[in-house]
Amino acid sequence: MADVLALVEARLRSALGEPDARAAVTFLGTDRIEVLRFVDGDIVRYATLGMSAAPMSDPTSALADQVRGPRAELVLSVRAGVADTDKALRPLAVLAASPQVEGLVVAPGASLDVGEPLWPGAQFTSVLVAEPGGLVEDLELDEPMEPVRFLPLLPMTPNEAAWKRVHGAAALQEKWLAHGTDLRDPLRRSVTLD
């Protein structure tokens, strides 16, 4: 599946430019996950590379299909120079390894929690998985493989994550929109929830 990752990296480079840094993390019993950093003016983007090497499979399936199934990589965008967001590399790798480790199928609308701040001083311990296709287009693969989707991650405070569990992802996104929330601000506070 190294060829899939080469195609994924090429798609990331064509969409986001040349990465200025990369880090690799390997967890016991999993394949290597890399996190690439791209700087675009005052925005820094972190993209995982390795999650899409194998399709995500339903944890209730007796046998994991090595060809069919959804594939994805994660993309986090934050304002540069405001916080030490480079410390998010390990939490992002943990999230990208979750399909291998926990059998999760990561899809839009899902919440992913790392159980600790995403970076030092962050109000966020979890992220909302947003719809793909805006920043990086899906990468079509040869049949019968499904395309690789590049899923944006939106950091959530614990209060926002709890509210989302009750009201749903769409309702939380509407709250953010109604309050003009800058989701790229690494120091932002929780949106007002009622």
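Thresholds applied
- Residue positions are counted from 1 within each chain, in the order its sequence is given.
- Per-residue local features of the predicted model are confined to residues with pLDDT of at least 70, and side-chain atom pairs are confined, for both listing and counting, to 80 or more; whole-chain, interface and lining totals are unaffected and use all residues.
- Values reported for side chains reflect all heavy atoms of the structure, with hydrogen atoms and water molecules removed beforehand.
- Working convention: axes come from line fits to C-alpha atoms, limited for helices to the stretch in contact. Angles between N-to-C directions cover 0 to 180 degrees.
- Secondary structure elements follow DSSP: runs of H or I of four or more residues count as helices, runs of E of two or more count as strands, with numbering from the N terminus.
- Working definition: roughly parallel below 35 degrees, roughly antiparallel above 145 degrees, roughly perpendicular at 65 to 115 degrees, and oblique for all remaining angles.
- Contacts are assigned to residue pairs that have any heavy atoms within 4.5 Å of one another.
- All amino acids are sorted into three groups, where Ala, Val, Leu, Ile, Met, Phe, Trp, Tyr, Cys and Pro are nonpolar, Asp, Glu, Lys and Arg are charged, and the leftover types, Gly among them, are polar.
- By nonpolar core is meant a set of buried Ala, Val, Leu, Ile, Met, Phe, Trp, Tyr and Cys residues that side-chain atoms within 4.5 Å join together.
- When accessible area is computed with a 1.4 Å probe and restricted to protein chains, residues below 20% of their type maximum are described as buried, those above 50% as exposed, and intermediate ones as partly exposed.
- For every residue, the predictor states its confidence as a pLDDT score lying anywhere from 0 to 100.
- Paired strands, as defined in this entry, are two strands with at least two bridges between them according to DSSP.

Student: Please clarify how the packing of helix H3 (residues 158–167) against helix H4 (residues 169–178) should be interpreted in this entry.
Tutor: Think of two packed helices as two axes; the pair is described by the angle between the axes and how far apart they sit. In the contact formed by H3 and H4, the axes pass within 7 Å of each other and the chain directions differ by 130°. Between H3 and H4, the interaxial angle falls into the category oblique. Packed against H3, whose contacting residues are Glu-160, Trp-163, Lys-164 and His-167, the element H4 presents Ala-169, Ala-171, Leu-172, Lys-175 and Trp-176 at the interface. The residue makeup of the contact of H3 with H4, split by class, is 5 nonpolar, 1 polar and 3 charged.

Student: Whenever I open this one, the nonpolar core confuses me. Can you help?
Tutor: The nonpolar side chains of a soluble globular protein tend to be buried with one another. The biggest cluster of nonpolar side chains holds 30 residues, and the ones touching the most others in it are Leu-74, Leu-76, Val-106, Trp-119 and Leu-153. Elements represented by at least two residues in this core include exactly strand S2 (33–40), strand S3 (43–49), strand S4 (71–79), helix H2 (89–102), strand S6 (126–129) and strand S7 (148–156). In terms of residue count, H2 provides more of this core than any other element does, 5 residues in total. Excluding anything up to four places from it in sequence, Trp-119 contacts Leu-76, Val-78, Ala-83, Asp-84, Thr-85, Lys-87, Ala-88, Phe-124, Pro-155 and Pro-186. Residues Val-4, Phe-38, Leu-49 and Leu-141 belong to the second largest nonpolar core, which totals 15 residues.

Student: I keep staring at the confidence of the model for the chain and nothing clicks. Help me out?
Tutor: Any segment with low pLDDT has predicted coordinates that should not be analysed in fine detail. The predicted model of the chain averages 90 in pLDDT, with 94% of residues at 70 or higher. S7 holds the highest mean pLDDT among the elements of the chain, 97, whereas strand S1 (residues 21–25) holds the lowest, 88.

Student: Sorry if this is basic, but what is going on with the pairing of S3 here?
Tutor: The element S3 is extensively covered by neighbouring structure, given that 7 of its 7 residues are classed as buried. Neither face of S3 is exposed, since Ile-43, Arg-45, Ala-47 and Leu-49 on one face and Val-44, Tyr-46 and Thr-48 on the opposite face are all buried. As paired strands, S2 and S3 are joined by 7 bridges and run antiparallel to one another. Its bridge partner being in S3, Val-35 is matched across the sheet by Thr-48. In this antiparallel pair of consecutive strands, S2 and S3, the connection spans 2 residues, and Gly-41 shows a positive phi of 65°. Pairing of S3 with S4 involves 5 bridges; the strand directions are antiparallel. When the sheet's bridge partners are listed, Ala-47 is paired in S4 with Val-75.

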